[in-house]
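# Remarks on the overall topology
Here is how the chains run, residue by residue.
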Amino acid sequence: MSVIDLKQFQMTVKTKRGRPCVIIKGDLNEKAAWQLLKQLEKFQPALYPLNLDVDGVGTIHWFAANILKSGFEHLLMTRGEIFLIQKCKKPQPLSHGNFSSIFSSAEASRDEG
């Protein structure tokens, strides 16, 4: 198994236009993915739609990507819409299973055995 040098994961919660905005930076491993999903689940459905700023995301581990995909599906059904914020792009809704936009900003990695 190869060791990957991960950039420190950081998550900040701010309010923009009266809506929560979660700003994430660094690389996402499975622990960081769980932290992000726990944070998003803390918001009551009335606060949705919320913004998820993924502009500072680096590498997303393949297992973290699977966790996020399932978690986002659950949140969309139980809470509400999530809009992805990326530099120089219009905010995009994360609905209808279209998760490719969050992963396009980062290279998904796979551990080699």
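Treat the numbers as computed from the prediction; the structure is a model and nothing was measured.

### Section: the confidence of the model for the protein
- Confidence in the prediction for the protein averages 83 pLDDT; 79% of positions are at 70 or higher.
- Confidence, read as mean pLDDT per element, is least for strand E6 (residues 108–109) in the protein (54) and greatest for helix H1 (residues 30–42) (95).

### Topic: the nonpolar core
- Counting residues in hydrophobic clusters, the biggest one holds 25 residues, and the most contacted among them are Ile 24, Leu 28, Leu 36, Leu 40, Leu 52, Phe 72 and Ile 82.
- Of all elements in the fold, only strand E2 (19–28), H1, strand E3 (50–61), helix H2 (62–78) and strand E4 (82–85) reach the threshold of two or more residues within this core.
- Looking at which element gives the most residues to this core, the answer is H2, with six residues.
- The residues contacting Ile 24, other than those within four sequence positions of it, are Phe 9, Gln 10, Met 11, Leu 36, Leu 52, Asp 53, Val 54, Gly 56 and Val 57.

### Regarding a positive patch on the surface
- There is a patch of like positive charges on the surface, built from Lys 14, Lys 16, Arg 17 and Lys 25.
- Looking at the secondary structure, you find Lys 25 in strand E2.

### Description of the pattern of salt bridges
- This model, assessed by the stated rule, comprises one salt bridge.
- Salt-bridge contacts for Lys 69 lead to Glu 73; the nearest nitrogen and oxygen are separated by 3.1 Å. Within this pair, Lys 69 and its partner Glu 73 are both found in helix H2, separated by four residues, close to a single helical turn.

Rules used in this analysis
- Residues numbered from 1 in each chain as written.
- Predicted model: local features only at pLDDT ≥ 70, side-chain atom pairs only at ≥ 80, totals over all residues.
- Heavy atoms only, no water.
- pLDDT = per-residue confidence, 0-100.
- Helix = DSSP H or I, 4+ residues; strand = E, 2+ residues; numbered from the N terminus.
- Core = buried A, V, L, I, M, F, W, Y, C linked by side-chain atoms within 4.5 Å.
- Buried < 20%, exposed > 50% of the residue type's maximum accessible area, 1.4 Å probe, protein only.
- Contact = heavy atoms within 4.5 Å.
- Patch = residues over 30% accessible without salt bridge, like charges linked within 9 Å, V, L, I, M, F, W, Y side chains within 5 Å.
- Areas by Shrake-Rupley, 256 points an atom, 1.4 Å probe, with all protein chains shown as cover.
- Salt bridge = Lys/Arg side-chain N within 4 Å of Asp/Glu carboxyl O.
- Lys, Arg positive; Asp, Glu negative; His and termini not counted.
- Charge placed at Lys NZ, Arg CZ, Asp CG, Glu CD.

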